[in-house]
Amino acid sequence: MSSAASSSPVPGGFGLRRALVRNRGALIAAAVLAILLFVVDWISAGPLTYFDVSFLSSGGATSALAAIGQTIVILSGGFDLSAGAVISLVNAVLASSMDPMAPGASIILWTAVGIGVGMAVGAFNGFFIAVLRMQPIVVTLSTMFILQGVTLLVMDKPGGFVSPDLGTFYLGDAITGWLPMPLVVIGVVLLAWFWLKGTRFGTAVYAVGSDPDSAASVGINVVLVRFAVYVIAGGCYGLAGVFISAQTGSGDPLVGNPLLLSMFAAVVVGGTRLGGGQGGPVGSVFGAYILMIVVNILLVLNVSAYYSTIAEGTILVLAALAGSISHASVLAVQLRAARARLAAWRAGILPSQLERVDRRLKIAEPAHAQRSPASPRPAFHLRNAETLRYALPAYVCLLLIVVVTQVWLGRAILNPGYWNSLLVLSSFLAVLALGQGTVILTGGLDLSVPWTIGISGIILAGMVNGSDAALVYALPVVLVMACAIGFANGFGIVYLGISPIVMTLATNGILQGCALLYSQGTPAGFSSPMLRWVMTAKLAGLLTPIVLLMVVFVVAAVLLLGRTPFGRRVYGIGNGLRAARLSGIGVERTLILVYMLSAVCAAVVGIMLTGFSGQASLGMGDDYLLPSIAVVVVGGALITGGRGHYLGMLGGVLLLTALQMLLAGTTLPYATRAILYGLVVLGAVMALRERRLQ
């Protein structure tokens, strides 16, 4: 009996230790939140009051609710870039539908409407991702642009009316003077999650996120789990949209856009592992409030609000790095490899230090052997059958668009002005296609394109300020800065092991803050006359100079990806990272060069846009993220890497630009163009998926 008594604490202690390890991320986030609250109490004029707690709870509730939905998606191994757009859509629907003359509003009804809108979007995402097995990144990115267009159709500018009853309920007290309602709402959602987690479905979510093939082998319906995950997450985004509507009291079609970065940061800070299978919404709630309090501390210390996105991006990178640190992490492996290389260098046994001697076996050819005659070279269409198969559809569709333009608007096929305009407007995406396309060929994605474009144009315009002479030093400065941005992205992905999506998203937020700080919210300066001439002048009244430069660029791009060792290494990495390493490809160096190329291409586009419009503006690159991915996919490239050709991407560029010109001639609004862009990308990815499976 004594032996039994002495052994009884062991299982309990082991279980406690295992629980602590399993919830380590959430516990660390809770500890950090407690420290930050202590800091707020210390720097405030007086001790924290119930009013302060209520204010803080409502300030972070929207991000916390959205982060819960994002966490559930990530636990299943997915990503959702449409969350911010769902919040904007719900806000616009509520603000445009509530009657300002009505004496009161049904809180339950409008909450159900918001959640229902979010769940409908989630079902849309889930269908393409779970049922059609398309890539979550591309699907949700396309959905984001489609929803932005739909939101603008619902409400094209800030305004509308949200009943004060909604704000009174969600921003008030559940227990007067004791318990704020935002904490109750978050608590109810978390309780629902805990109940769901204890069911077979909750276990299946973690199983699918850990290993979908193993989950399917034990009888889990992976398709149903993934579909349901996006529907549930959409409901959380919808509730976040209801809450932000209660806060603002009106509508704004862009209100949810800034939440995407903080949402991912909250998930990572809360200890959820990107890739799925580990973590939970509780830590994400703590993470959301940590980010909110950090921003508030900066404001209390009179630090510019422009630092908020810099702080969020930096926290996202640091949290992703901290969450991945282990003996088997990429950083640990790289450090051990660096130590091994250093030891080999000291011992003088590095391959570069050894004498270059040909040690291959030499087999003498028999005297009577005769060389067989060289086989005839296959025909062009046979040598390039795969490239033609995936690239030609873009050019066929381009021809159809041109014919429709001729029939509908006239003066297209035989009009030199039409073709010149098409080539000039295509030049921006043609440059981006090389950078983004090369990243996609390696299996990655660069979400830092928008603000790499923006900050490049802003810095160039500020340095040049209408002077041609200043281009001599301004252009190198901008291009060197772009190389540094690309190197930072590549270094974080390759050596720190941070996901390309997270790393480039964080970089985009940091660049946004840097651009705001540099310009103080109002970009100054103008394009130089020479740059303006290159982008807008007419040679012989017909051809813009940039068109001639683009011919040279296209030739260089085709040679770079198709005829150089760098291009072969890019395709090798995209077809299999491990195989590329075993074949001797310098994977780390090549990937860093790939992201540097993407950043340089984005910077060139920022320079071109500055010359085209005459000046730079905040957000000038925002409209180029989805198109930069769309032209690559429409041009026949595989979004998971390893397949694609720049001439196909160029066909995608010309197709989408021609489509945009056709739509512009019909006076359709930007909202419709955004919807069509998203639908075109989804259709292209679906078509390419079907071809791949055949």
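Residues numbered from 1 in each chain as written. Predicted model: local features only at pLDDT ≥ 70, side-chain atom pairs only at ≥ 80, totals over all residues. Heavy atoms only, no water.

## Some details on the overall build of the protein
Move 1: When you go through the protein residue by residue, the secondary structure sums to 31 helices and 2 strands.
Move 2: In the protein, buried positions account for 49% of the 694 residues.
Move 3: Intrachain contacts of the protein at a sequence separation of at least 6 include 79% that bridge at least 24 residues.
Move 4: For the protein, the accessible area works out to roughly 32300 Å², and carbon and sulfur atoms hold 68% of it. (Helix = DSSP H or I, 4+ residues; strand = E, 2+ residues; numbered from the N terminus. Buried < 20%, exposed > 50% of the residue type's maximum accessible area, 1.4 Å probe, protein only. Contact = heavy atoms within 4.5 Å. Areas by Shrake-Rupley, 256 points an atom, 1.4 Å probe, with all protein chains shown as cover.)

## Topic: a nonpolar patch on the surface
Move 1: Taken together, the side chains of Leu399, Val403, Val407, Ile413 and Leu414 make up a nonpolar region of the molecular surface, amounting to roughly 530 Å² of accessible area.
Move 2: Here leucine 414 lies in the loop between helix H19 (385-408) and helix H20 (416-441). (Patch = residues over 30% accessible without salt bridge, like charges linked within 9 Å, V, L, I, M, F, W, Y side chains within 5 Å. Salt bridge = Lys/Arg side-chain N within 4 Å of Asp/Glu carboxyl O.)

## Some details on the packing of H20 against helix H28 (residues 587-613)
Move 1: The N-to-C vectors of H20 and H28 enclose an angle of 165 degrees; their axes lie 7 Å apart at closest approach. Put simply, H20 runs roughly antiparallel to H28. The two elements H20 and H28 cross, and the hand of that crossing is left-handed. Residues Val424, Leu425, Ser427, Phe428, Val431, Leu432, Leu434, Gly435, Gln436, Thr438 and Val439 of H20 lie in contact with H28, whose contacting residues are Val594, Tyr595, Leu597, Ser598, Cys601, Ala602, Val604, Val605, Met608, Leu609 and Phe612.
Move 2: Residue classes in the contact of H20 with H28 are distributed as 17 nonpolar, 5 polar and no charged. (Axes fitted to C-alpha atoms, helices over the stretch in contact; angles between N-to-C directions. Parallel < 35°, antiparallel > 145°, perpendicular 65-115°, else oblique. Left-handed = near helix turned anticlockwise from the far one by under 90°. Nonpolar A, V, L, I, M, F, W, Y, C, P; charged D, E, K, R; others polar.)

## Re the packing of aromatic side chains
Move 1: Applying the stated criterion to the full structure yields 11 aromatic pairs.
Move 2: With centroids separated by 5.0 Å and ring planes inclined at 85 degrees, the aromatic side chains of phenylalanine 169 and tyrosine 170 adopt a geometry described as edge-to-face.
Move 3: Here phenylalanine 169 falls in the partly exposed class, since its relative accessible area comes to 36%.
Move 4: Relative to tyrosine 495, the ring of phenylalanine 491 lies with its centre 5.2 Å away and its plane at 35 degrees, an arrangement referred to as tilted.
Move 5: With a relative accessible area of 35%, phenylalanine 491 lands in the partly exposed category.
Move 6: The class for tyrosine 495 is partly exposed, based on a relative accessible area of 24%.
Move 7: A connected cluster of aromatic rings, assembled from ring pairs, spans Phe124, Phe127 and Phe128. (Phe/Tyr/Trp six-rings, centres within 6.5 Å; stacked < 30°, edge-to-face > 60°.)

## Some details on the environment of threonine 248
Move 1: Structurally, threonine 248 can be placed in helix H13 (residues 222-248).
Move 2: Between the C-alpha atom of threonine 248 and that of phenylalanine 161, which follows or precedes it by 87 residues, the distance is 9.5 Å.

## Some thoughts on the side chain of threonine 140
Move 1: Relative to the elements of secondary structure, threonine 140 occurs in helix H8 (residues 136-154).
Move 2: A distance of 2.7 Å separates a polar side-chain atom of threonine 140 from the backbone oxygen of proline 136.
Move 3: Of the polar contacts made by the side chain of threonine 140, one reaches the backbone oxygen of isoleucine 137; its length is 3.4 Å.
Move 4: When near neighbours in sequence (up to four residues on either side) are disregarded, threonine 140 contacts Phe79, Asp80, Leu81, Ser82, Asn125, Ile129 and Tyr230. (Polar contact = N/O pair within 3.5 Å; in protein donor to acceptor, adjacent residues only side chain to side chain.)

## Here's the deal with unusual backbone geometry
Move 1: Positive phi values are uncommon outside glycine, yet arginine 133 reaches one of about 60 degrees.
Move 2: Here arginine 133 is to be found in the loop between helix H7 (107-131) and H8.
Move 3: The backbone phi angle of glutamine 520 is positive, close to 55 degrees, even though this residue is not glycine.
Move 4: Judged by relative accessible area, glutamine 520 falls into the exposed class, the value being 52%.

## Re the packing of helix H21 (residues 449-464) against helix H23 (residues 500-519)
Packed helices, taken two at a time, are described by their axes: the angle between them and the distance between them.
Move 1: Direction vectors running N to C along H21 and H23 enclose 20 degrees, while the axes themselves pass 8 Å from each other. Relative to H23, H21 is oriented roughly parallel. In this structure, H21 crosses over H23, and the sense of that crossing is left-handed. Facing Val449, Pro450, Trp451, Thr452, Ile455, Ile458, Ile459, Gly462 and Met463 of H21, the residues of H23 in contact are Asn508, Leu511, Gln512, Cys514, Ala515, Tyr518 and Ser519.

## As for the confidence of the model for the protein
Move 1: Mean pLDDT for the protein: 83, with 88% of residues reaching 70 or above.
Move 2: Scored below 50 in pLDDT, residues 1-11 shows 0 contacts in the model against residues more than four places distant or in partner chains.
Move 3: Ignoring residues within four places in sequence, the model shows residues 690-694, a span with pLDDT below 50, making 7 contacts including any to other chains. (pLDDT = per-residue confidence, 0-100.)

## Some remarks on H13
Move 1: Taking 1.5 Å of rise per residue, the 27 residues of H13 would be expected to cover 39 Å, and the 39 Å separating its terminal C-alpha atoms lies within 8% of that figure.
Move 2: Burial analysis of H13 places 20 of its 27 residues in the buried class, the great majority of the element.
Move 3: Of the residues one or two after H13, glycine 249 is the one with positive phi, at around 75 degrees. (Expected span 1.5 Å × (residues − 1).)

## Considering the nonpolar core
Soluble globular proteins tend to bury their nonpolar side chains together.
Move 1: With 196 residues, the main nonpolar core has Tyr237, Ile453 and Tyr646 as its most contacted residues.
Move 2: Counting residues in each nonpolar core, the second largest holds 8 residues, with Ala580, Ile585, Val587 and Met596 among its members. (Core = buried A, V, L, I, M, F, W, Y, C linked by side-chain atoms within 4.5 Å.)

## Regarding the pattern of salt bridges
Move 1: For the structure shown, the criterion picks out 1 salt bridge.
Move 2: In this structure, arginine 581 engages glutamate 588 in a salt bridge whose closest nitrogen and oxygen atoms are separated by 2.6 Å.
Move 3: In this structure arginine 581 comes out as partly exposed when scored by relative accessible area, which is 42%.
Move 4: Assessed through its relative accessible area of 18%, glutamate 588 is described here as buried.

## Topic: the environment of glycine 256
Move 1: With respect to the element layout, glycine 256 can be found in the loop between H13 and helix H14 (259-269).
Move 2: A C-alpha to C-alpha distance of 9.8 Å links glycine 256 and tyrosine 237, two positions 19 residues apart in sequence.
Move 3: Aside from chain neighbours lying at most four places away, what touches glycine 256 is Gly84, Ile87 and Ser88.

## Description of the environment of serine 528
Move 1: Relative to the helices and strands, serine 528 resides in the loop between H23 and helix H24 (529-536).
Move 2: According to the relative accessible area criterion, serine 528 is buried, its value standing at 0%.
Move 3: A C-alpha to C-alpha distance of 7.3 Å links serine 528 and glycine 611, two positions 83 residues apart in sequence.
Move 4: With near-sequence residues (within four places) excluded, serine 528 lies in contact with Val464, Gly466, Ser467, Asp468 and Leu471.

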